[in-house]
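Each chain is listed here by its residues.
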There are 2 protein chains.
Amino acid sequence: MDTDISFAVLGTGGIGRRTLEVSRHKDGLTPVAACDRHGVAIDFDGLDVDELLAATEGNIDNEVATDGGGAAVKQHGESRGVVASEQARASDDSIQEIIDAGAEIDAVLLALPNYEHDFIPRVADRFVDGGYSGVLVDVLKRSRVIGMLDERADAFEDAGITFVCGAGATPGFLTGAAALAAQSFVEVHEVDIWWGVGLKSGYEDNRGTVREDIAHLDGYDIETARDLSDEEIGAIVDDHDGVIEFRDMEHADDVLLERAGICDAEDVSVGGLLDVRSDEKPTTTTVSVTGTTFDGERATNTFQLDDATSMEANVNGPALGYLKTGARRNRAGEYGVFGPVELMPTF
Amino acid sequence: MDTDISFAVLGTGGIGRRTLEVSRHKDGLTPVAACDRHGVAIDFDGLDVDELLAATEGNIDNEVATDGGGAAVKQHGESRGVVASEQARASDDSIQEIIDAGAEIDAVLLALPNYEHDFIPRVADRFVDGGYSGVLVDVLKRSRVIGMLDERADAFEDAGITFVCGAGATPGFLTGAAALAAQSFVEVHEVDIWWGVGLKSGYEDNRGTVREDIAHLDGYDIETARDLSDEEIGAIVDDHDGVIEFRDMEHADDVLLERAGICDAEDVSVGGLLDVRSDEKPTTTTVSVTGTTFDGERATNTFQLDDATSMEANVNGPALGYLKTGARRNRAGEYGVFGPVELMPTF
């Protein structure tokens, strides 16, 4: 059943790098390509992940590409990204190089920043235009991106693309848990997703995530968060004494659970606590699903992640799992847009 | 995606009846046949579940068939089983009638007693011999049955049968939860499945389950438990003051988690508390998965079912979910034997 899957990673920031690292622990996955806006590394026999991670450490590029991934918006003298690896070479359009190699790549994880809502969808368009036929996976959080991808569902189907959206910790992992926890019930009343993240030592690697989270705060949106300098982000963190609480986040969990028929989107709430001054989680990540059983009892099932599991661990394991499942669906001829919950058993 | 699935239920004891009831709450499922050893009801437009459940209430037949399902081993003057429904008719070989109608039945839930290890496998043989091509689902618990089904995997593949085994609360629901909870980890050390069941008012409906559980106690096995009279079972319950503790049960959870690559079978433990004198659960059903994350942290993720969710709710929801998933796999041409965990995303 587990035939080997070759995959590429677009973006070599925190998520991209860890995806490569975690893939070494998974059976049947071969990383064959990685790129950022500086360059690309491709080896169909499998990348040397150790070399690539070691060479690019400290070269993480968290800045924003706004032109579809080709040219750099900001240049860093020191930050050469993936090109620091001896397996990589510089490229003016590294994403196109991945697309051109697409016949040899079963799945592509899009670990790109998404400060512009339509950045990931536009990258997907390039894969469609380039004749790619395989799996695309993103780990995005925002509800509105799903809609943009849905508009492209026919194009994906025609191209033979299976797009798996929101396959990280949340929505991915936690909506999967919600779908599972819902199985005691014939009606689901409420899904409450509450996360805790301690991000002291991981802060540098995950600046993009923090920036995206800040966009959820009152007074900010995706555009204003994108334009914040590192100093301004630091000031926001200071204002909150290092611990920022989020309520009613525009996370795609709601849309994805509704798509899969688990409950109405409006019955899903997502929030959490981010502590950027401690590696301890400020609260325990918990999924609570309240519903009524066939025999009329109202009850709440819960799924909890141990505080010792990092956000990083909870993003990358599920992302690769959903990637593998996407590859299976793709081989079975199932194309279009799939949320993680739709890749769970069809409860 | 959710094209309609027609299904049959073999056995109209507690699980079979509730499967029919719960299916009314699920989209895309049409019950078209039900049988027990007394007779069979078939309607390809969909059974009248209300009538069938009302007519057969109090007619539940928990006794044992040992000949493949045809003739009755024990006769009950009052207990006519499904024949009490006006949709049903008596039959000398009701299972064969379902097989003969198999072209119109996408999936069959085997809610039959299994005091003989090979009863379910032998029923499956009859479906193979009868040219059935579709989904077979059982809600069995015992590890050794999986091996017997595996011996038939080639026959199922040749026949076009997708056999989903152990799709109830445990293994099904709880192994699915374990597979999900494992996603934080690159190595899983231990899976602990601990259940609580309060079965006072549900005792009559679930005598078969209690009998199967007793077979797990020291001093009993599947054969000796089968031969116990109701009075002897009552005496065992009295000996334990109504609350029976089970440790290291031979539940298929271990085999199924190993099959799916989650952990070694020996690292899985299953136990629980059964209270037949109270509807309150004597302990909270909890799945604990301990592993190490990619970044070297040892941690335990947990999944808990609210005490207010009955065993019945936790068997039948998942069973129908896995049945639907099995039908999808079957349509995609995936045949053979599948554990519930293998129907989860391929983490």
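Residues numbered from 1 in each chain as written. Chains lettered and ligands numbered in written order. Predicted model: local features only at pLDDT ≥ 70, side-chain atom pairs only at ≥ 80, totals over all residues.

This part takes up the overall build of chain A. Across its full length, chain A holds 12 helices and 13 strands. Taking 2.2 N^0.38 as the reference for a compact globule, 347 residues should give roughly 20 Å; the C-alpha atoms of chain A span a radius of gyration of 19 Å, in line with that estimate. In terms of overall dimensions, chain A has C-alpha extents of about 60 × 50 × 35 Å along its principal axes. The contacts in chain A between residues at least 6 apart in sequence include a share of 79% that link residues at least 24 apart. (Helix = DSSP H or I, 4+ residues; strand = E, 2+ residues; numbered from the N terminus. Rg over C-alpha atoms; globule rule 2.2 N^0.38 Å. Contact = placed C-beta atoms within 7 Å.)

The next subject is the sheet that holds strand β2 (residues 29-35) of chain A. Residues and elements named next belong to chain A. Reading across from one edge, β4-β3-β2-β1-β5-β6-β7-β13 is the order of the 8 strands in this open sheet, with mixed pairing throughout. Edge positions in the open sheet fall to β4 (88-90) and β13 (336-338), since each of these has one partner strand only. Across the sheet, the mean angle separating the axes of adjacent strands is 25° when strand polarity is ignored. Note that strand β7 (residues 162-164) and β13 share 3 bridges and pair parallel. (Pairing = 2+ DSSP bridges. Axes fitted to C-alpha atoms, helices over the stretch in contact; angles between N-to-C directions.)

The strand order β9(A)-β10(A)-β8(A)-β11(A)-β12(A)-β12(B)-β11(B)-β8(B)-β10(B)-β9(B) describes an open sheet built from 10 strands, whose pairing is mixed. Looking at strand neighbours, the two that pair on one side only are β9 (243-246) of chain A together with β9 (243-246) of chain B, the edges of this open sheet. When strand polarity is set aside, the average angle formed by the axes of neighbouring strands in this sheet is 10°. Alignment of strand β11 (residues 286-292) of chain A against strand β12 (residues 298-304) of chain A, held across 7 bridges, turns out to be antiparallel.

What follows concerns the domain arrangement of chain A. Residues and elements named next belong to chain A. According to the domain assignment, chain A contains domain 1 (5-169 + 313-343) and domain 2 (184-306). Contact with domain 1, which involves 20 residues of that partner, is made by 18 residues of domain 2. The element best represented in the side of domain 1 that touches domain 2 is helix α5 (residues 143-151), accounting for 3 residues. In the side of domain 1 that touches domain 2, the residues fall into 9 nonpolar, 8 polar and 3 charged. (Domains from an automatic or database assignment. Nonpolar A, V, L, I, M, F, W, Y, C, P; charged D, E, K, R; others polar.)

Take the relation of the copies chain A and chain B next. Rotating chain A by 180° and moving it 0.0 Å along the rotation axis overlays it on chain B with an RMSD of 0.0 Å. Put plainly, the chains are arranged around a two-fold axis. Across chain A, the rotation axis passes nearest the C-alpha of Phe303 of chain A, at a separation of 2.2 Å. When the interface residues of chain A are mapped onto chain B, 100% of them are again interface residues, pointing to one common binding face. (Least-squares fit on C-alpha atoms with pLDDT ≥ 70 in both.)

Residue and element names in this part refer to chain B. Contact pair helix α1 (residues 14-23) / helix α12 (residues 311-331): the axes reach a minimum separation of 9 Å and the direction vectors enclose 65°. In this structure, α1 crosses over α12, and the sense of that crossing is right-handed. Touching Gly14, Ile15, Arg18, Thr19, Val22 and Ser23 of α1 are Glu312, Val315, Asn316, Gly317, Ala319 and Leu320, all from α12. Its residues placed into classes, the contact of α1 with α12 shows 5 nonpolar, 5 polar and 2 charged. (Left-handed = near helix turned anticlockwise from the far one by under 90°.)

The next point concerns the interface of chain A and chain B. Chain A puts 46 residues into the contact, and the matching count from chain B is 46 residues. In terms of residue count, helix α12 (residues 311-331) of chain A provides more of the side of chain A that touches chain B than any other element does, 11 residues in total. Of the residues in the side of chain A that touches chain B, the class split is 19 nonpolar, 18 polar and 9 charged. Sheet analysis places β12 of chain A next to strand β12 (residues 298-304) of chain B, joined by 3 bridges and oriented antiparallel. Bridge pairing in β12 of chain B links Gln304 of chain A to Thr302 of chain B.

Along the chain, Thr170 of chain A connects to Pro171 of chain A via a cis peptide bond; the corresponding omega equals 10°. Phi is positive for Asp241 of chain A, close to 55°, though the residue is something other than glycine. Along the chain, the position of Asp241 of chain A falls in the loop between α10 (230-239) and β9. A count of 9 C-beta atoms within 10 Å places Asp241 of chain A in the exposed class. The phi angle at Asp248 of chain B is positive, at roughly 50°, despite the residue not being glycine. Structurally, Asp248 of chain B can be placed in the loop between β9 and α11 (253-259). (Buried ≥ 20, exposed ≤ 12 C-beta atoms within 10 Å, placed from the backbone.)

This next bit is on helix α4 (residues 119-129) of chain B. Residues and elements named next belong to chain B. Listing the buried residues of α4 in full gives Phe119, Ile120, Pro121, Val123, Ala124 and Phe127. Buried positions along α4 lie against α3 (94-100), β5 (107-110), β6 (135-138), α5 (143-150) and β7 (162-164). Of the residues flanking the end of α4, it is Gly131, one or two places downstream, whose phi is positive at about 80°.

Bringing the nonpolar core into the picture now. Grouped together as the largest cluster of nonpolar side chains are 207 residues, with contacts concentrated most on Ala178 of chain A together with Ala178 and Leu323 of chain B. Not counting residues up to four positions away in its chain, the partners in contact with Ala178 of chain B are Val191, Ile193, Leu257, Ile262, Val287 and Val289 of chain B. (Core = buried A, V, L, I, M, F, W, Y, C linked by C-beta atoms within 7 Å.)

Moving on, we get to the pairing of strand β10 (residues 268-275) of chain A. Residue and element names in this part refer to chain A. Where strand β8 (residues 187-198) and β10 come together, 8 bridges link them in parallel fashion. Across the sheet, Trp195 pairs through a bridge with Gly272, a residue of β10. Bridge count for β9 against β10 is 4 bridges, and the pairing is antiparallel. Counted as the bridge partner of Glu245 is Leu273 from β10.

Relative orientation of the contacting elements helix α7 (residues 169-181) of chain A and helix α7 (residues 169-181) of chain B amounts to 170°, with a least axis distance of 10 Å. Taken together, the axis directions place α7 of chain A and α7 of chain B in an arrangement best described as roughly antiparallel. The residues of α7 of chain B that touch α7 of chain A, namely those facing Gly176, Ala177 and Leu180 of chain A, are Gly176, Ala177 and Leu180 of chain B. Its residues assigned to classes, the contact of α7 of chain A with α7 of chain B comprises 4 nonpolar, 2 polar and no charged. (Parallel < 35°, antiparallel > 145°, perpendicular 65-115°, else oblique.)

In this section: the confidence of the model for chain A. Residues and elements named next belong to chain A. Per-residue confidence for chain A averages 88 on the pLDDT scale, and 92% of its residues sit at or above 70. For residues 62-78, every residue scores under 50 in pLDDT, and the model assigns this stretch 27 contacts once sequence neighbours within four places are set aside. This prediction of the complex comes with two scores: 0.89 for pTM and 0.89 for ipTM. (pLDDT = per-residue confidence, 0-100.)

A separate point is the environment of Glu187 of chain A. All names here are of chain A. Tracing the backbone shows Glu187 in strand β8. In this structure Glu187 comes out as partly exposed when scored by C-beta crowding, with 13 C-beta atoms within 10 Å. Residues Glu187 and Thr293, 106 residues apart in the sequence, show an inter-C-alpha distance of 7.1 Å. Sequence-distant contacts of Glu187, that is, excluding residues within four places in its chain, are made with Gly291 and Thr292.

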